[in-house]
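Next come the chains, spelled out residue by residue.
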Amino acid sequence: MFIAKQKRKENIAEYILYLWQLEDLLRALDLNADRIYRQLIEPQTQLNEEQKQALLFWYIDMVNLLKSEGKSEYGHLEHTLHLINDLYDLHLRLLQYPVGKEYKAVFRQLEPELPKIKARMGKPDMNDIEACFRALYAVVLLRLKGSENQDTYIKDVLELISPVIAKLSLIYKQVETGEIDLFKGVNE
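1. Some remarks on the packing of helix α3 (residues 33-41) against helix α4 (residues 49-68)
Close contact between α3 and α4 brings their axes to 10 Å; oriented N to C, the two are set at 130 degrees. Taken together, the axes of α3 and α4 lie oblique to each other. Considering how the two elements wind past one another, α3 and α4 form a crossing that is right-handed. In this structure, α3 contributes Ala33, Ile36, Tyr37, Leu40 and Ile41 to the contact, and α4 contributes Glu49, Lys52, Leu55, Leu56, Tyr59, Ile60 and Val63.

Right under this line is the structure:
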């Protein structure tokens, strides 16, 4: 909860990937409140009892969402998928509006590789930004498993996808805080 709030403020991509990792961690603990408390909360000695209770309630809320959305075994919460759709909408706007000039240059490096990446995932019709997130998360999982053999897929993700998502996340934050006007230069 505390980490998620910080990541949400600072970097939307890290927030989404963090929540996806947390979904899998909660599933690994069988969505069981006692196991979640023992494994994730109790060892955190820097937290007082009130903070531990708040964290437990937050985890239980996530568990309840996973159950209510039918994602107890696999899949990602609608909340994160909506955020990815928001990022995809921003991506499309940046590709067509003058304010996206720098973003377009970064995305151009990735664009020819996207069909191959989507095909490798078995989802050729997936939107570009969701494909990027799923590829990034696959690398996170490979790293956690210690299977980081530097094949072409991992290299493409790290060299091509990471800069695009980093730039898109930065612009998303700047749009949210009012630092960037998406419509500047449009129809002027």
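2. Here we look at the confidence of the model for the protein chain
Caution is warranted with low-pLDDT regions, since their predicted coordinates should not be read in detail. Residue-level pLDDT values for the protein chain average 91, and 94% of them are 70 or greater. Looking across the protein chain, the model is least confident in helix α1 (residues 2-10), with a mean pLDDT of 84, and most confident in helix α5 (residues 78-96), with 97.

3. Details of the nonpolar core
When a protein is soluble and globular, its nonpolar side chains tend to lie buried together. Ile16, Leu26, Trp58, Tyr59, Leu110, Phe133 and Ile161 are the most contacted members of the largest nonpolar core, which totals 54 residues. With ten residues, the top contributor of residues to this core is helix α2 (residues 12-28). Sequence-distant contacts of isoleucine 16, that is, excluding residues within four places in its chain, are made with Thr80, Leu83, Ile84, Leu87 and Phe133.

4. Overview of the environment of isoleucine 117
Secondary-structure assignment places isoleucine 117 in helix α7 (residues 114-121). For isoleucine 117, a relative accessible area of 3% corresponds to the buried category. Through-space distance from the C-alpha of isoleucine 117 to that of asparagine 127 is 12 Å; in sequence the pair is ten residues apart.

5. Notes on the packing of α2 against helix α8 (residues 128-144)
Closest axis-to-axis distance for the α2/α8 pair is 11 Å, and the angle between their directions is 55 degrees. One element, α2, and the other, α8, form an angle in the oblique class. α8 is crossed by α2, and the crossing has right-handed handedness. When α2 is examined against α8, the residues Ala13, Ile16, Leu17, Trp20, Gln21 and Asp24 are found in contact with a partner set consisting of Phe133, Arg134, Leu136, Tyr137, Val140, Leu141 and Leu144. Among the residues forming the contact of α2 with α8, the class breakdown is ten nonpolar, one polar and two charged.

Cut-off values and rules
Residues numbered from 1 in each chain as written. Predicted model: local features only at pLDDT ≥ 70, side-chain atom pairs only at ≥ 80, totals over all residues. Heavy atoms only, no water. Axes fitted to C-alpha atoms, helices over the stretch in contact; angles between N-to-C directions. Helix = DSSP H or I, 4+ residues; strand = E, 2+ residues; numbered from the N terminus. Parallel < 35°, antiparallel > 145°, perpendicular 65-115°, else oblique. Left-handed = near helix turned anticlockwise from the far one by under 90°. Contact = heavy atoms within 4.5 Å. pLDDT = per-residue confidence, 0-100. Core = buried A, V, L, I, M, F, W, Y, C linked by side-chain atoms within 4.5 Å. Buried < 20%, exposed > 50% of the residue type's maximum accessible area, 1.4 Å probe, protein only. Nonpolar A, V, L, I, M, F, W, Y, C, P; charged D, E, K, R; others polar.

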